[in-house]
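Tertiary structure, described
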Amino acid sequence: MTTLVDLWRAVDPAARLLTPADDAAAVVVRGVARTRVAPPHLPPMGERQLLVVDGGVLGDDPLDVLLTALTEVELSPVAVLLAVAGQRAVAPHAPATVPILVTELPAAAIATRADRYLDDERGTLDRFTAELRLAAAETALADPTPAAPAGLVATRIRRGVAVTAEGELIALHARPAGHALAARFTAALRATLLEGTARRGAVRHTRDGLWVHEASIRPSSSVWIYDDVPLAAIDLAAAQALTLTLRALLRRPPAPSRSRDDIDRQPPATGEVVADTMLAVARANGRVAPAARALGVHRNTVLYRLQRARVELGVDPRRPDDALRILRADEERRRA
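The structure presented is a predicted model; accordingly, all values stated were derived computationally and were not measured.

1. Comments concerning the sheet that holds strand β6 (residues 160–165)
Strand order in this open sheet of five strands is β7-β6-β10-β9-β8, and the pairing throughout is antiparallel. Among the strands making up the open sheet, the edge pair consists of β7 (168–173) and β8 (203–205). Across the sheet, the mean angle from the axis of one strand to that of its neighbour is 25 degrees, orientation sign disregarded. Of the strands in this sheet, β6, β7, β8, β9 (211–218) and β10 (221–227) are in contact with helix α8 (residues 179–193), which crosses β10 at around 130 degrees.

If you want it as structure tokens, here you go:
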């Protein structure tokens, strides 16, 4: 049974929910329909289908026009996902009768992703877990601290991610624009979660409105995924991938030569200024200040070089995928 939250988080975790989150958590989706390019724009729909709407169909009309049209032709999608470009403000003026999501991705891409997920949800989650586990392991090799792979996972799923060991919080990553949630999670962790009796693996809804999932690394250590909207199947898969990586990482003592301070101090030596800067930032897990210390330059110099790399090369080592490619290339260079 696939819920709207499961589908939403799998196809575009950056999509915005315009209606209450609890509504989305309870909705079951079994298929996808997409608006037509030529009139009539609204397609026939089956039972429990998500309607993907191309923003071009809506034009400059408010969202209420679309919702009214759905009622007039007696179409009842379980939810509406509106694909709009740029930062256009979209919101219904009246309370919506169905959950509404807004994405900046093309409608065709969203519909294709959603169809694939519904056709093979288990396979999609297994592939995601394997890919994320590999990426987290590579990140841990570059920076053998729990914070590094935890930060990668937080970026990928756009959820808050934390790691506890021996009853202490050793890593905490807020989702984008989620620092207030991180503070709420930290308070709830000590007050209720660590002292609670709920079994690990279950999704909890705390009294202050947080959705939390705990995955065990070992008896005294856990991975936590949290947010203020219900968690999805892909979030639980991400927790599993991170747990497997940290289980191996925490089992071994940290190598002195690869400590955080050593990584910060290790000067890159590719012989090219921009390349050295990208490598330093990748080694510092996307952080500018440690990279500047490693290079012996001001942080503004690092930011200027990163801007050059983005413009000239289309690469930004603060993005996890780009950072991994830079670190792999450096490893191959040193081997050669």
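Let us keep going from here.
2. Quick word on the environment of H205
Take H205: it is sitting in strand β8. Once residues within four sequence positions are removed from consideration, H205 is found in contact with L210 and W211. Of the polar contacts made by the side chain of H205, one reaches the side chain of W211; its length is 3.5 Å.

3. A short note on the packing of helix α7 (residues 147–157) against helix α14 (residues 320–335)
The N-to-C vectors of α7 and α14 enclose an angle of 140 degrees; their axes lie 10 Å apart at closest approach. With respect to each other, α7 and α14 are oriented oblique. Each of L152, T155 and R156 in α7 lies in contact with α14, whose residues at this interface are P320, D321 and L324. Split into classes, the residues belonging to the contact of α7 with α14 amount to three nonpolar, one polar and two charged.

4. Quick notes on the nonpolar core
Core analysis: the largest hydrophobic core is formed by 50 residues, its most contacted members being L4, L50, V161 and V223. Element by element, the count of residues in this core is highest for helix α9 (residues 233–251), at eight residues. If sequence neighbours within four positions are ignored, L4 has contacts with A24, V27, V29, L50, A79, P99 and L101. In terms of nonpolar packing, the next biggest core, distinct from the first, is built from 18 residues, L70, L82, V90 and V102 among them.

Conventions we followed
- Counting restarts for each chain: residues are numbered from 1 in the order of the written sequence.
- Thresholds applied to this predicted model are a pLDDT of at least 70 for local features of residues and 80 or more for the giving and counting of side-chain atom pairs; totals over whole chains, interfaces and linings are not thresholded and use all residues.
- To obtain the side-chain values, all non-hydrogen atoms of the structure were used and water was disregarded.
- Paired strands, in this sense, are two strands between which DSSP finds at least two bridges.
- For helices the rule is a DSSP run of H or I covering at least 4 residues; for strands it is a run of E covering at least 2, with both sets numbered from the N terminus onward.
- Think of each axis as a best-fit line through the C-alpha atoms, taken over the contacting stretch in the case of a helix, with angles from 0 to 180 degrees between the N-to-C directions.
- In what follows, residue pairs with any heavy atoms lying within 4.5 Å of each other are defined as contacts.
- Whenever a nitrogen or oxygen atom comes within 3.5 Å of another N or O atom, the pair is scored as a polar contact, on the condition that within protein one atom can donate a hydrogen and the other can accept it, and that pairs from neighbouring residues in sequence are kept only if both atoms are in side chains.
- Our angle categories are set so that under 35 degrees counts as roughly parallel, over 145 as roughly antiparallel, 65 to 115 as roughly perpendicular, and the remainder as oblique.
- Only Asp, Glu, Lys and Arg are considered charged, only Ala, Val, Leu, Ile, Met, Phe, Trp, Tyr, Cys and Pro nonpolar, and every remaining residue, Gly among them, polar.
- Nonpolar cores are built from buried Ala, Val, Leu, Ile, Met, Phe, Trp, Tyr and Cys residues. Side-chain atoms within 4.5 Å join them into one set.
- Residue exposure (1.4 Å probe, protein chains only): buried if accessible area is under 20% of the type maximum, exposed if over 50%, otherwise partly exposed.

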